[in-house]
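What follows is the residue order along each chain.
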Amino acid sequence: MPEKTGTVERTLVLIKPDGVQRGLIGSIIGRLEKKGLHLAGLKMLVLDGATAERHYAEHTGKDFFPSLISFITSGPVVAMVWEGPNVVGMVRSMMGATNPVAAAPGTIRGDLAISMGMNLIHGSDSVTTAKREIPLFFSAQELCAWQSTETDWLV
Ligand code: IDP
Ligand code: MG
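Remember, predicted model here, so these are calculated numbers, not experimental data.

A separate point is helix α2 (residues 25–35). Within the span of α2, buried status applies to Ile28, Ile29, Gly30 and Leu32. Close packing links the buried residues of α2 with β1 (8–15), β2 (38–45), β3 (77–85), α5 (87–95), α6 (108–112) and β4 (121–123). Glycine 36 sits one or two residues past α2 and shows a positive phi near 105°.

Here is the structure:
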């Protein structure tokens, strides 16, 4: 068997309100599942303003910040934690570029989104960012430690 490599990472993924409204929850989760990524936690919620501002703190003061907060709190999101070796980078690759105009075909944004403001999905941009973002959405008890029967054939 091939050697197992890579340290286990976790990443926060949000299906944004446009993804929920457009009925794309299943399609987006399906892509991540089919890739073989491991789901550790999942919930649907409407973000309050304070949590949204903390989540997007790096963008505080930018011209698009008010519309970003208004949009992300406008309806339910699906929040998830996915885990595995290199999962942060893999999810970012599968999301595609922030601006769907530049997002490659085959990516979630490249295939399914048109606008920068409504680009369907959030994924942590680094392991450090994920460690800050995940506790905004999940307590430790809400994350499941479980072994997929497929793991031995994936990593
Ligand atoms: P990311 O979602 O690809 O990590 P970020 O730069 O972290 O992109 O921006 C967070 C979100 O803010 C983006 O997904 C996008 O919806 C929105 N956004 C970023 N830059 C702009 C902009 O210049 N105009 C409008 N919306 C923006
Ligand atoms: Mg970001």
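Attention shifts here to the environment of alanine 102. Tracing the sequence through the fold places alanine 102 in the loop between α5 and α6. Between the C-alpha atom of alanine 102 and that of proline 2, which follows or precedes it by 100 residues, the distance is 35 Å.

This next bit is on the layout of surface pockets. Approximately 570 Å³ is the volume attributed to the largest pocket. What lines the largest pocket is a set of 22 residues, and nearest its centre among them are Gly36, Leu37, His38, Glu83 and Thr151. Where the lining of the largest pocket is concerned, the elements lending two or more residues are α2, β2 and β3. With four residues, β3 is the single largest residue contributor to the lining of the largest pocket. Residue composition of the lining of the largest pocket, by class: nine nonpolar, eight polar and five charged. One number sums up the size of the second largest pocket: a volume of about 440 Å³.

Look at any regular strand and the pattern is simple: side chains alternate between the two faces of the sheet. With nine of its nine residues buried, β3 lies for the most part within the structure. Where β1 lies against β3, eight bridges are found, and the strand directions are antiparallel. Residue pairing across strands places valine 13 opposite methionine 80, the latter belonging to β3. In this structure, β2 lies alongside β3, joined through seven bridges in antiparallel fashion. Paired with lysine 43 across the two strands is alanine 79, which belongs to β3.

Reading across from one edge, β2-β3-β1-β4 is the order of the four strands in this open sheet, with antiparallel pairing throughout. Taken across any chain shown, the strands that pair with only one partner, and hence form the sheet edges, are β2 and β4. For this sheet, the mean angle separating the axes of adjacent strands, direction not counted, is 20°. Helix-sheet contacts for helix α7 (residues 127–137) involve β1, β2, β3 and β4, and the interaxial angle to β1 is about 55°.

Attention now moves to the pattern of salt bridges. In the structure shown here, the tally under the stated rule is three salt bridges. Residues arginine 10 and glutamate 83 are paired through a salt bridge, measuring 2.9 Å at the closest nitrogen-oxygen approach. Of the two residues, arginine 10 sits in strand β1 while glutamate 83 sits in strand β3, which places them 73 residues apart along the sequence. Residue glutamate 83 is classed as buried on the basis of its relative accessible area, which comes to 17%.

Time to look at unusual backbone geometry. One non-glycine residue with positive phi stands out, namely asparagine 86, at about 60°. Mapped onto the elements of the fold, asparagine 86 is located in the loop between β3 and α5. According to the relative accessible area criterion, asparagine 86 is partly exposed, its value standing at 46%. At leucine 120, a position not held by glycine, the phi torsion is positive, near 75°. Topologically, leucine 120 is positioned in the loop between α6 and β4.

What counts and what doesn't
The residue numbers shown here count from 1 along each chain, following its written sequence. Each chain is given a letter, starting from A, and each ligand a number, starting from 1, according to the order in which they appear as written. Under the rules for a predicted model, residues below a pLDDT of 70 receive no local features and side-chain atom pairs below 80 are neither given nor counted, while totals for whole chains, interfaces and linings still include all residues. Note that water and hydrogens are dropped before the side-chain values are worked out from all heavy atoms of the structure. For the exposure calls, accessible area comes from a 1.4 Å probe over protein chains only, and a residue counts as buried if that area is under 20% of its type's maximum, exposed if over 50%, partly exposed in between. Helix and strand labels come from DSSP, where a helix needs a run of H or I of at least four residues and a strand needs a run of E of at least two; each type is numbered from the N terminus. Only heavy atoms matter for contacts: two residues are in contact if any of them lie within 4.5 Å across the pair. Residues are said to line a cavity or pocket when one of their atoms sits within 4 Å of a point; the points come from a 1 Å grid over protein atoms alone, cavities being sets where a 1.4 Å probe fits but cannot get out and pockets being open sets with protein on both sides within 12 Å along at least five of seven lines. Grid points are joined across faces, edges and corners, and a volume is the space filled by probe spheres set on the points. Charged means Asp, Glu, Lys or Arg here, nonpolar means Ala, Val, Leu, Ile, Met, Phe, Trp, Tyr, Cys or Pro, and polar covers whatever is left, Gly included. By this definition, two strands are paired if DSSP reports at least two bridges between them. Helix axes are fitted only over the stretch in contact, all axes being lines through C-alpha atoms; the angle between N-to-C directions runs from 0 to 180 degrees. Here, a salt bridge means any side-chain nitrogen of Lys or Arg that lies within 4 Å of a carboxyl oxygen of Asp or Glu.

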